[in-house]
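Below, each chain spelled out in residue letters.
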Amino acid sequence: MNEQTFMKLMRVLPKSAVSSAVGLATRLPAPAPVHHWAMRAFAKAYNVDMAEAEHAFENYPTFAQFFTRGLKPGLRPVDMGKNVVVSPVDGRVSQVGYSDNGRCLQAKGIEYTVDELLGDAQAAKPFHGGAWTTLYLSPRDYHRIHAPLGGTITGYAYIPGEFWPVNPASVKNKQSLFCVNERLVTYLETPAGKVAVVKVGATCVSRIKASYEDITTHIGQPGKVHRYGAGIPVEKGGELGRFEMGSTVILCFEPKRVRWDDSLQPEAVVRMGTRIGEIV
């Protein structure tokens, strides 16, 4: 299927309903052989490295628990260098750069604004001109999201939206894709100043769950940015949330606070806890 045909199909597909149905199916109690067959088929189709998983197939009662699986202890050591920024996820770099007057690159010829992405102009203002990167998680990847720096969680925002795919065809053709899809934003205060960790939903990403609060997208209550009074401490590499099916994470920093490593280029593979930049 070529890209234009794919995009036409996506425009008429009831993406929210499909995503809800898929999500429900992954969480339903079913005979163990059914779940285990689905898990094994998925792992084979997407080349999932089960040697890294903390449990064997038989220990996951539902497909959703398998998909959001943890890793064996010690597999993702976090670079604890004082000025080191680490990847929050396992994935691949889609784009990376420094926002020009609050504008970020989605793909060649397509830009979006930080204001659109965060859904709040006031919350977005500190990130105008700062470093940002878009990281794509494929179906085979580990699907938990972690803190790129230690500090405190100062707030969050749940932004309802659509469920477009975040595959290359959509990224290259759908205007402001990451600003249209459902999002959960976590705000941090760190040694590099304010940081926004934006978790973007997609087709069949039925829910995004936070680890620090009882927040689940697609069923939660949207609203303005929720601010914590004292903040919630989080260490570098501490878990922030997880995708129930894979998607995209976008990091936003304040201007002149973070410099990306030269190795952080589009298509580069990243692993949670490894260095991607430094505080300046």
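The rules behind these values
- Residues numbered from 1 in each chain as written.
- Predicted model: local features only at pLDDT ≥ 70, side-chain atom pairs only at ≥ 80, totals over all residues.
- Heavy atoms only, no water.
- UniProt positions renumbered as here; feature names shortened; annotations may be inferred.
- Helix = DSSP H or I, 4+ residues; strand = E, 2+ residues; numbered from the N terminus.
- Buried < 20%, exposed > 50% of the residue type's maximum accessible area, 1.4 Å probe, protein only.
- Pairing = 2+ DSSP bridges.
- Axes fitted to C-alpha atoms, helices over the stretch in contact; angles between N-to-C directions.

- An unreviewed UniProt entry lists the protein chain under the name Phosphatidylserine decarboxylase proenzyme, with Corallococcus soli given as the organism.
- UniProt's Sequence similarities (unreviewed entry) comment on the protein chain is quoted here verbatim: "Belongs to the phosphatidylserine decarboxylase family. PSD-B subfamily. Prokaryotic type I sub-subfamily."
- The UniProt entry for the protein chain carries the following comment under Subunit (unreviewed entry): "Heterodimer of a large membrane-associated beta subunit and a small pyruvoyl-containing alpha subunit."

### Some details on unusual backbone geometry
(1) Moving on: The residue Asn101 is not glycine, and still its phi comes out positive at about 55°.
(2) Moving on: Following the sequence through the fold, Asn101 ends up in the loop between β2 (91–98) and β3 (103–107).
(3) Moving on: Look at Asn101 and you get exposed, because its relative accessible area is 68%.
(4) Moving on: The backbone of Lys256 shows a phi angle near 60°, a positive value even though the residue is not glycine.

### A short note on the sheet that holds strand β14 (residues 258–260)
(1) Moving on: Read from one edge of the open sheet, three strands run β1-β16-β14, paired in antiparallel fashion. Each edge of the sheet is formed by a strand with only one pairing partner; in this case those strands are β1 (84–86) and β14. Ignoring strand direction, the axes of neighbouring strands in this sheet form an average angle of 35°.
(2) Moving on: As defined by bridge partners, β1 adjoins strand β16 (residues 275–279) across three bridges and the pair is classed as antiparallel. Considered in β16, the bridge of Val85 is made with Gly277.

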